[in-house]
Amino acid sequence: MRVNNSGKITYAGGTLSEGTMVIRTRQGGIYGLAVDSLPPTIAPVRTPAGNNYRSREAIELRLDDDFSGVGEYHCTVDGAWALFEYDPKSKSLKGYFKHLRITKGGKHNLTVEVSDRAGNVAKWQTSFVY
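Residues numbered from 1 in each chain as written. Predicted model: local features only at pLDDT ≥ 70, side-chain atom pairs only at ≥ 80, totals over all residues. Heavy atoms only, no water.

On to the pattern of salt bridges. A complete count under the given rule lists 3 salt bridges for this structure. With a shortest N-O distance of 3.9 Å, Asp64 and Arg62 are connected by a salt bridge. Arg62 gets classed as partly exposed once you look at its relative accessible area, which sits at 39%. For Lys91, the salt bridge is made with Asp64, and the minimal N-O distance between the two is 2.9 Å. Note that Lys91 is positioned in the loop between strand E10 (85-87) and strand E11 (92-96) and Asp64 in strand E7 (residues 58-64), a separation of 27 residues in sequence. The exposure class of Lys91 is partly exposed, given its relative accessible area of 28%. Residues joined by salt bridges that share partners form a network here, namely Arg62, Asp64 and Lys91. (Salt bridge = Lys/Arg side-chain N within 4 Å of Asp/Glu carboxyl O. Buried < 20%, exposed > 50% of the residue type's maximum accessible area, 1.4 Å probe, protein only. Helix = DSSP H or I, 4+ residues; strand = E, 2+ residues; numbered from the N terminus.)

Moving on, we come to the pairing of E11. Most of E11 is tucked away, with 4 of its 5 residues classed as buried. The pairing of E7 with E11 spans 5 bridges and is antiparallel. Among the inter-strand pairings, Leu61 is bridged to a residue of E11, identified as Leu93. Of the pairings in the sheet, the one linking E10 to E11 comprises 3 bridges and is antiparallel in character. Bridging across to E11, Glu85 finds its partner in Lys94. (Pairing = 2+ DSSP bridges.)

All right, on to the environment of Ser37 then. If you trace the backbone, Ser37 turns up in the loop between strand E5 (30-31) and strand E6 (41-44). Sequence spacing of Ser37 and Ala118 is 81 residues, and the spatial spacing of their C-alpha atoms is 7.9 Å.

What follows covers the sheet that holds strand E2 (residues 9-10). Read across the sheet, 3 strands follow the order E2-E1-E5 without closing on themselves; strand pairing throughout is antiparallel. Of all strands in the sheet, those with a lone pairing partner are E2 and E5, marking the two edges. Relative to E5, strand E1 (residues 2-3) runs antiparallel, the two being bridged by 2 bridges. Bridging from a neighbouring strand, Arg2 pairs with Tyr31 of E5.

This part covers the nonpolar core. One finds Ile42, Phe97, Leu110, Val112 and Phe128 to be the most contacted residues of the largest nonpolar core, which totals 21 residues. Listing elements by their share of this core, those giving two or more residues are E7, strand E8 (70-77), strand E12 (107-116) and strand E13 (121-129). (Core = buried A, V, L, I, M, F, W, Y, C linked by side-chain atoms within 4.5 Å.)

On to the packing of aromatic side chains, then. Under the defined criterion, the tally for this structure stands at 6 aromatic pairs. Where Phe97 meets Tyr130, the ring centres are 4.1 Å apart and the plane angle is 15°; that geometry is what we call stacked. Highlighted residues: Phe97 in the loop between E11 and E12 and Tyr130 in the segment after E13, separated in sequence by 33 residues. Comparing Phe97 with Tyr130, the two get one shared label, buried. Site record: aromatic cluster; members linked through ring pairs are Tyr53, Phe97, Phe128 and Tyr130. (Phe/Tyr/Trp six-rings, centres within 6.5 Å; stacked < 30°, edge-to-face > 60°.)

Listed below in structure tokens is the structure:
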């Protein structure tokens, strides 16, 4: 972690190599060790009644992490990889139905796995109708 100019603690990255913490940075300042042990959070945004998305263009989720930030995400619908788009500025993860390979009129299962930059993993599942 790094203490920035306003005194806030921020994630600075780094790896362990033979018992030594190694970090690459272009900024001087105060650095220390911190542990990020909490996984990211995954929350649905504007869920329709009965999880019925027939009149929607996308499924939207909010991804958030308290320290190191969202690192990677993986989405599946009915067990198959699904294209979702992540916007870090708004913390929004969207799956547009025009890009998902699913049939209209059925019930589907969505699984989302998100890891933060420290390697903590969160998993979220839901069923929805489209």
